[in-house]
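Letter by letter, the chains look like this.
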Amino acid sequence: MNTTRLTALTLGLALTTAGIAHAHATFENDSAQAEKSFKAVLQVPHGCDGKATTEVQMKLPEGFVFAKPQPKPGWEVEIIKGGYQKTYDNHGDKVSSGAVEIRWKGGNLPDEFYDTFVVKGKISGFDKETVLAFPTVQLCGTDGKVVWDQVAAEGQSAHDLKSPAPTVTVKLAAAGDEHAGHMAADGPVKLGDLEISGGAAKAMLPGAKVGGGFLTIKNGGGADDRLVAVESPVAGRVEIHEMAMENDVMKMRKLDDGVAIPAGETVELKAGGLHLMFMQVSKPFAEGETVPVTLVFEKAGKVDFTLAVGTAGGGAAATGGHSHH
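Parameters at a glance
- Residues numbered from 1 in each chain as written.
- Predicted model: local features only at pLDDT ≥ 70, side-chain atom pairs only at ≥ 80, totals over all residues.
- Heavy atoms only, no water.
- Pairing = 2+ DSSP bridges.
- Helix = DSSP H or I, 4+ residues; strand = E, 2+ residues; numbered from the N terminus.
- Axes fitted to C-alpha atoms, helices over the stretch in contact; angles between N-to-C directions.
- Salt bridge = Lys/Arg side-chain N within 4 Å of Asp/Glu carboxyl O.
- Buried < 20%, exposed > 50% of the residue type's maximum accessible area, 1.4 Å probe, protein only.
- Contact = heavy atoms within 4.5 Å.
- Phe/Tyr/Trp six-rings, centres within 6.5 Å; stacked < 30°, edge-to-face > 60°.
- Polar contact = N/O pair within 3.5 Å; in protein donor to acceptor, adjacent residues only side chain to side chain.

Visitor: Residue-level account of the sheet that holds strand β2 (residues 31-33), with values.
Guide: Note: strands within a sheet are paired through backbone hydrogen bonds, in either parallel or antiparallel orientation. Taken together, three strands build an open sheet; the order of strands is β2-β12-β9 and the sheet is mixed. Two strands lie at the open edges of the sheet, namely β2 and β9 (130-133), each paired on one side alone. Strand-to-strand twist across the sheet, computed as the mean angle between neighbouring axes with direction ignored, equals 35°. Examined bridge by bridge, β9 and strand β12 (residues 167-171) share four bridges and lie antiparallel to one another. Looking at the pairing, Leu132 lines up with Val168 of β12.

Here's what the structure looks like:
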């Protein structure tokens, strides 16, 4: 028992010496990628002047959409809905309202403990790097209250604020995310005389197990080749399928011996024609993610390639890929 008390004491000292600066309510991860899903993990480091926190209210800014709070044992979660200023695309559906504030109520977080409160949503509708503020209020019983709602003005440092609102800096793909920038810039992938480009996959519905993928293969050489197999770590197996008219009926069939890539020609795997089918997908593809594949050619060998996941309606344009085997 003594050891525990001792640690708690030293921890208390450490926190005091660390100064007030660290005692703000902040997010565990304070930068997010535009047009991607983001898990806002609010860290609540202390109560109100020694009193236990019993309610946490977080206002959600415009551009943090389709938000869902994570349930928290011992707390009741209230979702306050309202209209968005803009309309956002949720896999083809136009959405103009949703959660605008989340309240975790009826809990008990003593001053000497730290805890996190989580909301998952999508960051959407930004064309430049933006700082999003999530004004937050801690209530402690009926008479205690701590408000984190100050937002730094242009050119002002958040460190100058007494009770800054937790913020997230939205970064655009090209500048912020090295990988996304790399993907877009990487463009077509070369393997011998073959050039692979236009990798795209469709977003899948929750619970779906089968996904579709598309790409373009250009054979710039003098010899025919054949795409014989496709592998992906995110699917049990990947099959090559063809949509073809048979007696006026559109049928889909599996091509067991792959697809011929004739010399000097370009073969396009696209919706309604030849395409990849991802079977036994462990987690449905979501818009903004990427799907890694390894393409196996009869002569050229293997190459890794990346499909960008677009909306359920159509593919995305960004492509990429890396190493050659």
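Visitor: So what's going on with the pattern of salt bridges? Which residues, and what values?
Guide: Using the criterion set out here, one finds 13 salt bridges in the structure. Asp89 serves as the salt-bridge partner of Lys94, at 3.5 Å between the closest nitrogen and oxygen. A relative accessible area of 25% places Asp89 in the partly exposed class. The residue Glu129 makes a salt bridge to Lys171 at a minimum N-O spacing of 4.0 Å. Here Lys171 lies in strand β12 and Glu129 lies in the loop between β8 (115-123) and β9, a separation of 42 residues in the sequence.

Visitor: Go over the side chain of Ser232, please, and point to the residues and values.
Guide: Among the structural elements, Ser232 can be located in the loop between β16 (225-231) and β17 (235-246). When sequence neighbours within four positions are dropped, the list of residues in contact with Ser232 reads Val238, Phe278, Val291, Pro292 and Val293.

Visitor: Which residues make up the pairing of strand β7 (residues 93-109), and what are the values?
Guide: Examined bridge by bridge, strand β4 (residues 53-59) and β7 share six bridges and lie antiparallel to one another. Its bridge partner lying in β7, Val56 is registered against Trp104. Judged from the 11 bridges that link them, strand β6 (residues 76-90) and β7 form a sheet pairing that is antiparallel. Bridged to Ile79 within β7 is Ile102. Here β6 hands over to β7 after two residues, with His91 in that stretch at a positive phi of 50°.

Visitor: Give a detailed account of the packing of aromatic side chains, specifying residues and quantitative values.
Guide: Under the definition given, this model contains six aromatic pairs. Between Phe27 and Phe134, the ring centres sit 4.9 Å apart and the planes meet at 80°, which makes this aromatic pair edge-to-face. Taken together, the residues Phe27 in strand β1 (residues 26-27) and Phe134 in the loop between β9 and β10 (136-140) connect sequence positions 107 residues apart. Accessibility assignment for this pair places Phe27 and Phe134 in one class, buried. Ring centres of Phe278 and Phe285 lie 5.3 Å apart, and the angle between their planes is 85°; this geometry places the pair in the edge-to-face category. Note on accessibility: Phe278 and Phe285 belong to one class, buried.

Visitor: Please give an account of the sheet that holds β1 that cites residues and values.
Guide: Read from one edge of the open sheet, four strands run β1-β3-β8-β5, paired in antiparallel fashion. Each end of this open sheet is capped by a strand with a single partner; those strands are β1 and β5 (64-69). Pairing analysis gives two bridges linking β1 to strand β3 (residues 37-44), with the strands arranged antiparallel. Its bridge partner lying in β3, Thr26 is registered against Gln43.

Visitor: Before we move on, could you go through the side chain of Glu239 and cite the residues and values that matter?
Guide: For Glu239, the location among the structural elements is in strand β17. Of the polar contacts made by the side chain of Glu239, one reaches the side chain of His241; its length is 2.7 Å.

Visitor: Explain the pairing of strand β14 (residues 194-202) residue by residue, including any values.
Guide: Where strand β13 (residues 189-191) and β14 come together, three bridges link them in antiparallel fashion. Residue pairing for β14: Lys190 is matched across the bridge by Glu195. The antiparallel hairpin formed by β13 and β14 contains two residues in its connecting segment, where Gly192 sits at a positive phi of about 60°. Judged from the six bridges that link them, β14 and strand β15 (residues 211-219) form a sheet pairing that is antiparallel. In the strand pairing of β15, Ala201 is matched with Gly213. Here β14 runs beside strand β23 (residues 301-310); their pairing, made up of three bridges, is parallel. Its bridge partner lying in β23, Ala201 is registered against Val309.

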